[in-house]
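Architecture and fold: a report
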Amino acid sequence: MAVKDRDRFSTATRLRLLGEQTAARVYRSQTKRQARRSRLTGRAALLALVLCSLIVALAYPIRQYVSQRAEIADLERQKQQAKERVEQLRDLKARWQDDAYAQQQIRQRLHYVMPGETGYVVIDPDAAKQSRADAGAAHRPWYSNVWDGVDKSDASDQ
């Protein structure tokens, strides 16, 4: 027993135990490091870097492409509207080439009558009330009459 006790407290035994404990700690830390390191390898990091740089490099050209396609679509829509307007104007020009249509428009717009017909104009009673209301405009300053005219013309456009 004495040999075992002496052996237990000897320097060589203590160093061997200390070495085994240290080796066990190093082995545990290496396995943890390997587990952590295995998640992101150098190849995966390089791949992620290449993908990010591709995304950054292609972001601006893709945005330009999308905006140009939208502009092209808008221009095509305007072109189609212009074609429709040209067709409407051609139809109107063709109608005005017809003497019956021109005569109808002249009679309607200029209040012309044919020889032998009696022309008359129906006065709207509301228009007479409005003209009486405008009679008070003579007592106002000229610039307020001008602004009233501008307001009335804006209202008729809408």
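So, here is what we can say about the structure in this document. As the structure is a computational prediction, the values presented were derived from the model and not from experiment.

1. A closer look at unusual backbone geometry
Positive phi, normally seen in glycine, also occurs at H111, with a value near 60°. Within the secondary structure, H111 sits in the loop between α4 (99-110) and α5 (125-134). For H111, a relative accessible area of 61% gives the class exposed.

2. Overview of the pattern of salt bridges
Applying the stated rule across the entire model yields four salt bridges. Between D74 and R77 there is a salt bridge, with its nearest N and O atoms 2.3 Å apart. With D74 and R77 both in helix α3 (residues 42-97) and three residues apart, the pair spans about one turn of that helix. Classification of D74 as partly exposed rests on a relative accessible area of 30%. Among the residues examined, R77 registers a relative accessible area of 42% and is labelled partly exposed. The salt bridge partner of R107 is E117, with a shortest N-O separation of 2.4 Å. With a gap of ten residues between them, R107 in helix α4 and E117 in the loop between α4 and α5 connect regions that are remote in the sequence. The partly exposed category is assigned to R107, whose relative accessible area is 32%.

Parameters at a glance
Residues numbered from 1 in each chain as written. Predicted model: local features only at pLDDT ≥ 70, side-chain atom pairs only at ≥ 80, totals over all residues. Heavy atoms only, no water. Helix = DSSP H or I, 4+ residues; strand = E, 2+ residues; numbered from the N terminus. Buried < 20%, exposed > 50% of the residue type's maximum accessible area, 1.4 Å probe, protein only. Salt bridge = Lys/Arg side-chain N within 4 Å of Asp/Glu carboxyl O.

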